[in-house]
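# An overview of the molecular structure
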Amino acid sequence: MARGYTAFFESRLDFTPIRRWMANKKVPQHKHSFWYYFGGLALFIMTIQIVTGILLAFYYSPSPAGANRSVRYIMTKVHYGWLIRSLHFWGANFLIAVVLVHMFSTYFMKAYRKPRELMWVIGVILFGLVLAFAFTGYLLPWTTLSYFATKVGVNMPLIIPGIGGSISRIMQGGEDVGASTLTRMFTLHTVVLPMLALVLVSLHVFLSQVFGSSVPVSQSNYKDETKFFPTFVMRDAAVWAGGFAVLIAIVTVFPADLGPKVNPVLPAPAGIKPEWYFLFVFQTLRTFPEMAAMGALTLGGVIWMLVPFLDRKSSRGEKSTFFTLFGVAVIVYTVAMTVMAYITTEVH
Ligand code: HEM
């Protein structure tokens, strides 16, 4: 019998289906169960990004005159402003790293196979959104580095024949990176992308509840299960607390940097290169003829998204060595390109 404040709701709404669902939900335990924590961790860091992002938006001013100044004000005058901005900055890097682990672990466990194809497709779009958050957020402090790195990014579509110029102009809001680019990136970063992410993450997590955790083909004779409530939730909470402790430690030892305000008439600094998560794209475009490289990267992205429909063996519950090797090849290529970009460019 419900008491106190729950009695008010329970006498009006029937919670029986939810209670039954909570009581019955189980998480399979096997050799690879460890990887189940990463989706939840991504969800937790996303929440940190939303909270710290809202707090930053109270003080941030999206104009060439105000952007750098307002971020400097946050870092030096606002109580704990440095902490909130540094959490947002490091949280973004952390989120990309965690989403990468989550993506590749679900890939190698073939969790994308029937019936979870849609979870994978939504996941690949979410990965693109997380990178788009990083790209649009990068310009906002309006520093020399953020200005010139964005210039490289918005000029990339110029490689595409025909429509490339239009795409680049739409991204910039004109012929060059300027005030319109800043308002455009700000609106994308704080309104458009969060709305899209909220819808897609909700759908992704809803589907994960409908289907439950997938079990790799190799572990199909697993014996053990854990109750989701309260055991797995408590373990999830412990992982989140651990993740937050690591984040806070990094943030306090290495607070986010704020470079000088950009002077667009000065030339781009030498050896400019993007953040670590864009290095493989940057290096691919430098190594191969640009148009072929751009085409191959786009095709690669499409194939990556369609993997659940191409890997027929996994969907039949069979071992699928080809797709395991394909995943290994993707990782080897990405890491090799990233390392090459590091060693062939001057480090800032
Ligand atoms: C913002 C990013 C993301 C969030 C917040 C998120 C969240 C989650 C959560 C909470 C789960 C259930 C727990 C788990 O199995 O880990 C899950 C499962 C899953 N996610 Fe994601 N995810 C994200 C991105 C991605 C990406 C980029 C992919 C792949 C391209 C992906 C593919 C999957 C798949 C296939 C499952 C099912 C795993 C299973 O049942 O074993 N997710 N995700």
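Above this text sits the structure in question.
What comes next is a walk through the structure. It should be emphasised that the depicted structure is a prediction, and the values quoted were computed from it without experimental measurement. (Residues numbered from 1 in each chain as written. Predicted model: local features only at pLDDT ≥ 70, side-chain atom pairs only at ≥ 80, totals over all residues. Heavy atoms only, no water.)

Each helix and strand counted, the protein chain has 14 helices and 2 strands in total. In terms of overall dimensions, the protein chain is globule-like: its C-alpha atoms have a radius of gyration of 23 Å, near the 20 Å expected for 348 residues. Once the C-alpha set of the protein chain is aligned to its principal axes, its extents read approximately 70 × 55 × 35 Å. Residues classed as buried in the protein chain amount to 40% of the 348 residues present. Sequence-distant contacts in the protein chain: of pairs separated by 6 or more residues, those separated by 24 or more amount to 78%. With 28 positive and 14 negative side-chain charges, the protein chain shows a spacing of 4 Å between the two charge centroids. (Helix = DSSP H or I, 4+ residues; strand = E, 2+ residues; numbered from the N terminus. Rg over C-alpha atoms; globule rule 2.2 N^0.38 Å. Buried < 20%, exposed > 50% of the residue type's maximum accessible area, 1.4 Å probe, protein only. Contact = heavy atoms within 4.5 Å. Lys, Arg positive; Asp, Glu negative; His and termini not counted. Charge placed at Lys NZ, Arg CZ, Asp CG, Glu CD.)

Another point: the packing of aromatic side chains. Within the structure shown, the criterion is met by 29 aromatic pairs. Here Tyr277 and Phe278 contribute two aromatic rings whose centre-to-centre distance is 5.0 Å and whose plane-to-plane angle is 70°, an arrangement assigned as edge-to-face. The exposure class assigned to Phe278 is partly exposed, which follows from its relative accessible area of 22%. Taken together, the ring pairs in this structure connect Phe104, Tyr107, Phe108, Tyr112, Trp120, Trp304, Phe322, Phe323 and Phe326 into an aromatic cluster. Over the face of the ring belonging to Phe228 we find Lys25, whose NZ or CZ atom lies 4.6 Å from the ring centre. (Phe/Tyr/Trp six-rings, centres within 6.5 Å; stacked < 30°, edge-to-face > 60°. Lys NZ or Arg CZ within 6 Å of the ring centre and 35° of its normal.)

In the vicinity of the ligand lie 22 residues, with Tyr36, His102, Gly123, His204 and Ser214 positioned nearest. The side chain of Arg116 places a nitrogen or oxygen atom 3.4 Å from an oxygen atom of the ligand. One of the side-chain nitrogen or oxygen atoms of His204 is found 2.8 Å away from a nitrogen atom of the ligand. Counting residues per element, the ones that place at least two in the shell around the ligand are helix H3 (37-57), helix H5 (81-108), helix H6 (117-139) and helix H9 (179-211). Tallied by class, the residues present in the shell around the ligand amount to 11 nonpolar, 10 polar and 1 charged. (Near = heavy atom within 4 Å. Polar contact = N/O pair within 3.5 Å; in protein donor to acceptor, adjacent residues only side chain to side chain. Nonpolar A, V, L, I, M, F, W, Y, C, P; charged D, E, K, R; others polar.)

All right, on to the pattern of salt bridges then. Within this structure, the stated rule accounts for 4 salt bridges. Salt-bridge contacts for Glu10 lead to Arg19; the nearest nitrogen and oxygen are separated by 2.2 Å. Residue Asp176 is joined to Lys151 by a salt bridge in which the shortest nitrogen-to-oxygen separation is 2.6 Å. Taken together, the positions of Asp176 in the loop between helix H8 (164-172) and H9 and Lys151 in helix H7 (residues 144-155) put the pair 25 residues apart, joining distant regions of the chain. (Salt bridge = Lys/Arg side-chain N within 4 Å of Asp/Glu carboxyl O.)

Protein coordination at the iron atom of the ligand comes from His102 (NE2) and His204 (NE2), with a distance range of 2.0 to 2.1 Å. Coordination at the iron atom of the ligand comes from 6 donor atoms whose angles at the metal span 85 to 179°, giving a geometry best classed as octahedral. In this pair, His102 is assigned in helix H5 and His204 in helix H9, connecting sequence segments 102 residues apart. (Donors = N, O, S within 2.8 Å, 3.2 Å for Na, K, Ca; no water. Tetrahedral: all angles 85-135°; square planar, octahedral: opposite > 155°, others 65-115°.)

Since the α-helix advances by 3.6 residues per turn, residues separated by three or four positions end up pointing in the same direction. Along helix H11 (residues 279-287), the positions that sit buried rather than exposed are Leu279, Val281, Phe282, Gln283, Thr284 and Leu285. Considering only its buried residues, H11 is in contact with helix H12 (290-310) and helix H14 (321-344).

In this model H14 runs 34 Å from its N-terminal to its C-terminal C-alpha over 24 residues, within 8% of the 34 Å that 1.5 Å per residue would give. If you check which residues of H14 are buried, you get Phe323, Gly327, Met337, Thr338 and Ala341. At its buried positions, H14 is contacted by H5, H11 and H12. (Expected span 1.5 Å × (residues − 1).)

Attention shifts here to the side chain of Thr284. Counting through the fold element by element, Thr284 comes out in helix H11. Judged by relative accessible area, Thr284 falls into the buried class, the value being 3%. Leave out the neighbours within four places in its chain, and Thr284 touches Ala293, Leu297, Tyr333 and Met337.

Here we come to the environment of Pro255. Position of Pro255 among the secondary structure elements: in the loop between helix H10 (228-253) and H11. Taking C-alpha positions, Pro255 is 36 Å from Met305, a pair spaced 50 residues apart along the chain. Residues contacting Pro255, with those up to four places away along its chain left out, are Trp82 and Ser86.

A few words on the nonpolar core. Grouped together as the largest cluster of nonpolar side chains are 39 residues, with contacts concentrated most on Leu95, Tyr107, Trp120, Trp304 and Val307. Elements represented by at least two residues in this core include exactly H3, H5, H6, H9, H10 and H12. A total of 11 residues in this core trace back to one element, the largest contributor, which is H6. Leaving out residues up to four positions away in the same chain, Tyr107 has contacts with Tyr112, Trp120, Trp304, Val307, Phe323, Phe326 and Gly327. Listed in part, the 18 residues of the second largest apolar core include Ala67, Tyr147, Phe148 and Leu258. (Core = buried A, V, L, I, M, F, W, Y, C linked by side-chain atoms within 4.5 Å.)

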